[in-house]
Amino acid sequence: MQDRIVAVGLLTTRDLERLGSGFRRCFPVSDDEKFEDLLRAIDEADAASGLRHIRLDGEDMPPA
């Protein structure tokens, strides 16, 4: 049986430290703007669904 993915998240090193050794599957991403389009799309999808109204850069997003 293959495990299903139930969540994808963006975590800081501090977040991972708080989760402890029980959290084993993380995939680091570089901070070289390769993921800008993906992060923007996630922000837009969250705003459209009403789940989040603050972008990753801390700026308020207009309500969907």
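Anything mentioned here points back to the structure above.
Residues numbered from 1 in each chain as written. Predicted model: local features only at pLDDT ≥ 70, side-chain atom pairs only at ≥ 80, totals over all residues. Heavy atoms only, no water.

A.B. asks: What's the story with the overall build of the chain in this structure? I'm lost.
C.D. replies: Counting its regular elements, the chain contains two helices and zero strands. Within the chain, the proportion of its 64 residues that are buried is 6%. As displayed, the chain has an accessible area near 6,300 Å², and 54% of this comes from carbon and sulfur atoms. (Helix = DSSP H or I, 4+ residues; strand = E, 2+ residues; numbered from the N terminus. Buried < 20%, exposed > 50% of the residue type's maximum accessible area, 1.4 Å probe, protein only. Areas by Shrake-Rupley, 256 points an atom, 1.4 Å probe, with all protein chains shown as cover.)

A.B. asks: Looking at this structure, I do not really get the environment of Asp 37. What am I missing?
C.D. replies: Topologically, Asp 37 is positioned in helix H2 (residues 36-49). Judged by relative accessible area, Asp 37 falls into the exposed class, the value being 61%. For Asp 37, the side chain forms a polar contact with the side chain of Arg 40, separated by 3.1 Å. (Polar contact = N/O pair within 3.5 Å; in protein donor to acceptor, adjacent residues only side chain to side chain.)

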